[in-house]
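Examination of the molecular architecture
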Amino acid sequence: MEAERLVAVIRQALAQSRGTPDIIAEAWQAQALAQAVGSRLAASGPQGLRGEARALSEIGGRSSGALDHPAARAGVARAARLTGIADPRVALTGLSALLGEVGMALVGVACETDEQSLYWQCMEAIDAADESTDRVRGMLRLLDARGRDGPREAPDDAVSPVTGIQ
């Protein structure tokens, strides 16, 4: 399934969540998707995004364990169905929105709970969602800069503007 579609599926499931367990499950799903998108872009995305994508993958991997949920323990992530990223800009824009929504939903859970462990799980997951969002926004800025400036890597047969030598 394309990344854009997976983002939409998780956003819809998060919007339909009716309680803490559902919200936590969708937060975990979102972080697993961030990890998968980061891994995919690190391996085969635009060259200029690969470092940020690798960092996104690492954040997603670390943070998935912050939420104690049966899906997390079983490793059942929708992100495992990721088949491709047709348009990195669209996928990253959707992922950024999803991570923002996850953060807000987790703030709600943290504010409503009396359980210390759940509160701190939410705080860790909120931090991870924020950090993931920062990485995604960084990649979007890189894509924007690349679009304005053209490709940053010169073809092998390009003439150097400084020396005029091929």
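For every chain, the first residue of the written sequence is number 1, and numbering continues from 1 along that sequence. Totals for whole chains, interfaces and linings use every residue, but because this is a predicted model, local features are given only for residues with pLDDT of at least 70 and side-chain atom pairs only at 80 or more, for both listing and counting. To obtain the side-chain values, all non-hydrogen atoms of the structure were used and water was disregarded.

**Topic: the environment of Leu6**
Applied cut-off: Strands are runs of DSSP state E lasting at least 2 residues, helices are runs of H or I lasting at least 4, and numbering of each runs from the N terminus. Two residues qualify as a contact provided that any one of their heavy atoms is within 4.5 Å of a heavy atom in the partner residue.
Within the secondary structure, Leu6 sits in helix H1 (residues 3-15). Remark: the alpha-carbon pair of Leu6 and Gln29, spanning 23 residues in sequence, is separated by 9.7 Å. Apart from residues lying up to four places away in sequence, Leu6 is in contact with Met1, Leu33, Arg78, Ala79, Arg81 and Leu82.

**Examining H1**
Put simply, the rule reads: Under the convention used throughout, the expected extent of a helix is 1.5 Å for every residue step, that is, one less than its residue count. Burial here depends on accessible area, computed with a 1.4 Å probe over protein chains only, as a share of the maximum for the residue type. Under 20% is buried, over 50% is exposed, and the range in between is partly exposed. Directions pointing from the helix axis toward each C-beta atom define the arc.
With 13 residues, H1 ought to run about 18 Å at 1.5 Å a step, and its terminal C-alpha atoms sit 18 Å apart, in line with that. When we look at burial in H1, the residues that qualify are Ala3, Leu6, Val7, Val9, Ile10, Ala13 and Leu14. For H1, the arc enclosing every buried residue in end-on projection is 160°, short of the 170-degree limit, so these residues lie on one face. Packed against the buried residues of H1 are helix H2 (20-44) and helix H5 (88-112).

**Some points on the packing of H2 against H5**
The description of two packed helices rests on the angle between their axes and on the distance between the axes. Counted only if it meets this: The angle between two axes is taken between their N-to-C directions and runs from 0 to 180 degrees, where each axis is a line fitted to C-alpha atoms and a helix contributes only its stretch in contact. With respect to orientation, any angle under 35 degrees is reported as roughly parallel, any angle over 145 as roughly antiparallel, any angle of 65 to 115 as roughly perpendicular, and every other angle as oblique. Left-handed describes a crossing whose near helix is turned anticlockwise from the far helix through less than a right angle; right-handed describes the clockwise counterpart.
Interaxial distance between H2 and H5 falls to 10 Å at its minimum, and their mutual angle equals 150°. Judged by the inter-axis angle, H2 sits roughly antiparallel to H5. Between H2 and H5 lies a crossing of left-handed hand. Between H2 and H5, the residues in contact are Thr20, Ile23, Glu26, Ala27, Ala30, Gln31, Leu33, Ala34, Val37 and Leu41 and Pro88, Leu92, Leu95, Leu98, Leu99, Val102, Ala105, Leu106 and Val109, respectively.

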